[in-house]
Protein chains: 2
Amino acid sequence: MTFFAPASITCFFSVHSADRPYLSGSTGVGITLDLGARATICDEGGVRVNGDTWDFPTVDYVIEKLGCDCGVDIEMDVPAGCGFGMSGASALATAFEINQAFDLRKSFFELADVAHEAEIMCKTGMGDVVCQCYGGVVVRKKPGSPSRAVIDRFLWKMDLDLLTLGPFSTQGLLKDEEGVAHINELGGRYVGVFLENPQVENLFKLSRIFATETELLDSRMEYIVQKVEARGGLASMIMLGRAIFAINGFEVLQEFGEPFRASLGQSGVKCLG
Amino acid sequence: MTFFAPASITCFFSVHSADRPYLSGSTGVGITLDLGARATICDEGGVRVNGDTWDFPTVDYVIEKLGCDCGVDIEMDVPAGCGFGMSGASALATAFEINQAFDLRKSFFELADVAHEAEIMCKTGMGDVVCQCYGGVVVRKKPGSPSRAVIDRFLWKMDLDLLTLGPFSTQGLLKDEEGVAHINELGGRYVGVFLENPQVENLFKLSRIFATETELLDSRMEYIVQKVEARGGLASMIMLGRAIFAINGFEVLQEFGEPFRASLGQSGVKCLG
């Protein structure tokens, strides 16, 4: 059996840290993709990603938490560490795959909560798993684990052009208290602003303002975004990766690297059979 | 554009009626299928199902509630009126399709609530739409419209054999107060019993006891169910249809009609592009 969980990108967000992992998380707006991660249990121990052995603490945490002795083969459609939520997708798909393989009889939210906890404990994500439980554009209105978070969503038809420019470190960022306060103030406010006019242009506009005002958008990314806009497209920065998401931006993005295309995901984690 | 919503069958349930549609609904356990209904807006007015003009009040209600002047073409994979929630699936897919076509900018739960309200007002369903918002085996723990209901779910790998024996009238049933009280007592209790041991055999066992104890299972359906069981399969009655769902029952069901196969749906309503 194999389970799939979608990649997800965050447009803007607000961090909520708490003592307990199930109370920690984020609010904000994310976009799930039709690309993602597939997890399959295998006899050989350890975690492999696209055939290579990986040290993958977030997936190890899920395996240990569910109390199973197994290895996992993960296939990723998009690169890890660039803001596509691949640790969350891997953790989520692994939790469902183990549950099925070992007949653990755990529910959707029990499994999703384990994947969320793994992300929080391993500091690899704050809200991707909530987003990846669903399809579409997912608005996280109240933070917390999947069983506690309050969400709404939008099932649009949307094709995205995506470009990664390299890894992005969140370590420094999340230690800067003033910076985090500014992010939280803007991210929290923009959820409301988006819900007043939930459509594509507004989502890109708010993402762009968020990226600029938080100073997360570096000069190179800003140059690329402006160039996409100058040619009539929409673009902003993926939170938190050194990466761009765009509509009608493929040609411009090609000037700066090797972009790829994805559509809005219409489904969250699921069994592929 | 076309939107799809899954067919769903109910295993056992408990009815909750209230003054307001969004407070009305049901608890219980339902199964979404990978078959369902697809809705596409068209220039010609009225509602067509598989090419035929239909009088379809539940879909009309959605069109009127969303204030749009349009016709809808609906494609159904399974027959209406037999317990597969096709009115709910049609209403749900139509709501999302209209939202996209007329750029109404409504959210997932706003649209799903309209479809639920249409079902309640037209007396065509009490909980199918909540189920059809998600994939998998959906447990409705608290009743109400999709934005209010509390659910959990199970993404199993499951292939079902299905047989319809004819229409089933719920009109008489829901007027019998004592009968409804008995259904509600059992349906409410069995949600808890299922969640204590959420797996396939237990789901069929509880469905079977519910169908028998509520006396909804007529002698012909009981005969078929017993015959499937005698050959090592699992079977029960679809609520509320004169129809059977089974695992490893295809050959037996062939003796009584023209069964068809479906897999557990892994996704709720979605855009097909």
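A brief report on the enclosed structure follows. Quick caveat, the model's predicted, so the values are computed rather than measured. (Residues numbered from 1 in each chain as written. Chains lettered and ligands numbered in written order. Predicted model: local features only at pLDDT ≥ 70, side-chain atom pairs only at ≥ 80, totals over all residues. Heavy atoms only, no water.)

Quick notes on the relation of the copies chain A and chain B
And step 1. Under the fitted operation, chain A is carried onto chain B by 0.0 Å of movement along the axis and a turn of 180°, and the coordinates agree to an RMSD of 0.0 Å. Within this description, the copies of the chain are treated as partners about a two-fold rotation axis. Considering only C-alpha atoms, the part of chain A nearest the rotation axis is A:S267, at 2.8 Å.
And step 2. Looking at chain A, 100% of its interface residues are interface residues in chain B too, so the copies touch through the same face. (Least-squares fit on C-alpha atoms with pLDDT ≥ 70 in both. Contact = heavy atoms within 4.5 Å.)

Considering the nonpolar core
Here is a general trend for soluble globular proteins: nonpolar side chains tend to be buried in one another's company.
And step 1. Ranked by size, the top nonpolar core spans 192 residues in total, and within it A:I31 and B:I31 carry the most contacts.
And step 2. Setting aside residues no more than four positions away along its own chain, A:I31 makes contact with A:A7, A:S8, A:I9, A:C11, A:C131, A:G136, A:V137, A:M158, A:L160, A:L203, A:F245 and A:L264. (Core = buried A, V, L, I, M, F, W, Y, C linked by side-chain atoms within 4.5 Å. Buried < 20%, exposed > 50% of the residue type's maximum accessible area, 1.4 Å probe, protein only.)

Re the interface of chain A and chain B
And step 1. Across the contact, 27 residues belong to chain A and 27 residues belong to chain B.
And step 2. Both faces combined, the contact of chain A with chain B buries some 2300 Å², and carbon together with sulfur accounts for 58% of it.
And step 3. When the buried surface of chain A facing chain B is broken down by residue, A:R105, A:R153 and A:L155 rank first, second and third, together holding 26% of it.
And step 4. Summed over the shared surface of chain A and chain B, the result is zero salt bridges.
And step 5. Across the contact surface, chain A and chain B share 13 residue pairs in polar contact (both at pLDDT 80 or more).
And step 6. Broken down by secondary-structure element, the contributors of at least two residues to the side of chain A that touches chain B are α2 (86-101), α3 (108-121), β7 (150-154) and β12 (270-271) of chain A.
And step 7. With four residues, β7(A) is the largest single contributor of residues to the side of chain A that touches chain B.
And step 8. When its residues are assigned to classes, the side of chain A that touches chain B shows 14 nonpolar, seven polar and six charged. (Buried area = accessible area lost by both parts, 1.4 Å probe. Salt bridge = Lys/Arg side-chain N within 4 Å of Asp/Glu carboxyl O. Polar contact = N/O pair within 3.5 Å; in protein donor to acceptor, adjacent residues only side chain to side chain. Helix = DSSP H or I, 4+ residues; strand = E, 2+ residues; numbered from the N terminus. Nonpolar A, V, L, I, M, F, W, Y, C, P; charged D, E, K, R; others polar.)

Observations regarding the environment of A:I120
Residues and elements named next belong to chain A.
And step 1. Examined against the element boundaries, I120 turns out to sit in helix α3.
And step 2. Under the relative-accessibility criterion, I120 is labelled buried at 15%.
And step 3. In sequence terms I120 and I238 are 118 residues apart; their C-alpha atoms lie 20 Å from each other.

What about the pattern of salt bridges?
And step 1. Applying the stated criterion across every chain yields a total of 24 salt bridges over all chains.
And step 2. Across the salt bridge formed by B:R38 and B:E75, the nearest N and O atoms sit 3.1 Å from each other. Taken together, the positions of B:R38 in strand β2 (residues 25-42) and B:E75 in strand β5 (residues 71-76) put the pair 37 residues apart, joining distant regions of the chain.
And step 3. Residues joined by salt bridges that share partners form a network here, namely A:R38, A:E75 and A:D77.

Some thoughts on the sheet that holds strand β11 (residues 260-263) of chain A
Residues and elements named next belong to chain A.
And step 1. Read across the sheet, four strands follow the order β9-β10-β8-β11 without closing on themselves; strand pairing throughout is antiparallel. Each end of this open sheet is capped by a strand with a single partner; those strands are β9 (234-237) and β11. When strand polarity is set aside, the average angle formed by the axes of neighbouring strands in this sheet is 30°.
And step 2. The sheet contacts of helix α7 (residues 219-230) involve β8 (159-166), β9 and β10 (242-247), and relative to β10 the element is tilted by about 10°. (Pairing = 2+ DSSP bridges. Axes fitted to C-alpha atoms, helices over the stretch in contact; angles between N-to-C directions.)

A few points about unusual backbone geometry
Residue and element names in this part refer to chain A.
And step 1. Note that the residue after M239, namely L240, is joined by a cis bond; omega there is -5°.
And step 2. Counting through the fold element by element, L240 comes out in the loop between β9 and β10.
And step 3. Its identity is not glycine, yet N50 carries a phi of approximately 50°, on the positive side.
And step 4. Looking at the secondary structure, you find N50 in the loop between β3 (47-49) and β4 (52-54).

Concerning the packing of aromatic side chains
Residues and elements named next belong to chain B.
And step 1. Taken as a whole, this structure holds 28 aromatic pairs over all chains when the rule is applied.
And step 2. Centroid distance Y223 to F256: 5.9 Å. Interplanar angle 80°. Geometry classified as edge-to-face. With Y223 in helix α7 (residues 219-230) and F256 in the loop between α8 (250-254) and β11 (260-263), this residue pair connects regions lying 33 residues apart in the sequence.
And step 3. With a relative accessible area of 16%, F256 lands in the buried category. (Phe/Tyr/Trp six-rings, centres within 6.5 Å; stacked < 30°, edge-to-face > 60°.)

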